[in-house]
Amino acid sequence: MHRMAPYQAGISIAEYVNRRCQLCHIQPSRLVINAIETVTNPVTRLTHYLNSGLLCSHCQDSIVWLPPSFAVDIAPAISLPIQAATYYHYPIRPAFRAFKHYEDISKLPLLVHILRQLPRPKGCHHANSVIVPMPTTNSRLRKRGFDPVTILSAYLAKHWQIPLWKGVQRTDSTLSQQGLTRAERLSNLDNAFAVTKSPTVKRLLLFDDIATTGASLQALATTLHAHSQPSSRQLINNSAEHASTEHPSINNPSIHTPYHMTAYAIAHGSNDSL
């Protein structure tokens with residue numbers, strides 16, 4: 001049986017029962033208005049209604065969606081592109097902080113709506129891709145009592161129809177990245193991640209809640225990239241096999257193919273953004 005995303009009942013109420021903008025809480029949500037005003041076919045109208053948005057037209061248009069992506073280096077001549085749904089400005093910042101730090105579930109519908117602005121990456125689907133949520137430490141999970149990234153990634157998986165993959169652990173020695181400079185963030189993330197199992201696909205869609213400098217996503221991608229590279233012993237074995245056969249890569253699982261990685265976030269911006 002398909003498992004519901006966390007707090008799905010509350011999202012359903014916001015979508016289908018209390019159909020008000022999750023930002024101003026006054027106007028009806030945008031797609032409900034469009035369905036009533038522009039769609040004449042009753043079947044199509046019902047479909048639009050059942051996939052209604054969570055913001056009104058005014059609030060939807062007041063937010064800058066899909067800002068230009070940026071990239072961070074993860075290996076020589078290899079970079080990780082990072083695409084955010086919007087900027088980490090007002091009114092996104094206070095809503096996100098209320099959810100992350102105080103588990104204010106009333107803010108979740110807004111964050112889910114933001115996630116839905118991220119189009120599914122071209123060529124990616126459930127059979128060739130996985131979403132890799134940014135892991136948290138055990139100590140942070142015990143202190144906070146819930147994992148915001150895991151909750152949000154479940155909605156991203158539902159939106160894209162691409163499964164989650166949790167084969168990376170984060171060590172408890174790392175501190176919170178909030179308030180650190182980029183150099184401090186990079187130093188704090190040295191050896192922060194460990195791959196516990198190999199993904200079964202090569203397209204990895206990394207996800208974090210807020211991408212400030214991209215340091216966390218950079219460290220995660222660097223760890224995954226290193227995991228995809230052959231070890232010294234494998235290189236020796238491959239060289240020996242190459243000497244004995246014309247096509248060493250045929251039926252040889254020890255030949256590694258690098259992962260194709262892209263990263264995504266709810267918002268991009270400084271922790272000092274207003």
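A. Spatial organisation of the packing of aromatic side chains. In total, this model carries 3 aromatic pairs according to the counting rule given. On the numbers, 5.6 Å between centres and 85° between planes, the contact of Phe-99 with Phe-146 is edge-to-face. With Phe-99 in helix H5 (residues 92-102) and Phe-146 in the loop between helix H7 (138-144) and helix H8 (148-160), this residue pair connects regions lying 47 residues apart in the sequence. Neither residue differs from the other here; Phe-99 and Phe-146 are each classed as buried. An angle of 80° between the planes, with centres 5.1 Å apart, marks the rings of Trp-160 and Tyr-264 as edge-to-face. Pair noted here: Trp-160 is in helix H8 and Tyr-264 is in strand E7 (residues 260-268), with a separation of 104 residues, a long-range link. Pair check on accessibility: Trp-160 and Tyr-264 agree, each one buried.

B. Representation of the pairing of strand E2 (residues 78-87) in the model. In this sheet, E2 lies alongside strand E1 (residues 70-75) in antiparallel orientation, the contact comprising 5 bridges. Bridge pairing links Asp-73 to Ser-79 in E2. Linkage of E1 to E2, two consecutive antiparallel strands, is achieved through a turn of 2 residues, within which Ala-77 is found at a positive phi near 65°.

C. Broad picture of the side chain of Asp-208. In this fold, Asp-208 is placed in strand E6 (residues 203-211). Of the side chains with opposite charge, Arg-170 lies nearest to the buried Asp-208, which makes no salt bridge, at 6.2 Å. Look past the residues within four positions of Asp-208 in its chain and what remains in contact with it is Met-134, Val-149, Ser-216, Leu-217, Tyr-264, Ala-265 and Ile-266.

D. Structural detail: the environment of His-227. With respect to the helices, strands and loops of the structure, His-227 is situated in helix H10 (residues 215-228). Residue class for His-227 comes out partly exposed when judged on its relative accessible area of 28%. When the C-alpha positions of His-227 and Ser-198 are compared, they lie 8.3 Å apart, and in sequence the two are 29 residues distant.

Basis of the calculations
- Residues numbered from 1 in each chain as written.
- Predicted model: local features only at pLDDT ≥ 70, side-chain atom pairs only at ≥ 80, totals over all residues.
- Heavy atoms only, no water.
- Phe/Tyr/Trp six-rings, centres within 6.5 Å; stacked < 30°, edge-to-face > 60°.
- Helix = DSSP H or I, 4+ residues; strand = E, 2+ residues; numbered from the N terminus.
- Buried < 20%, exposed > 50% of the residue type's maximum accessible area, 1.4 Å probe, protein only.
- Pairing = 2+ DSSP bridges.
- Lys, Arg positive; Asp, Glu negative; His and termini not counted.
- Salt bridge = Lys/Arg side-chain N within 4 Å of Asp/Glu carboxyl O.
- Contact = heavy atoms within 4.5 Å.

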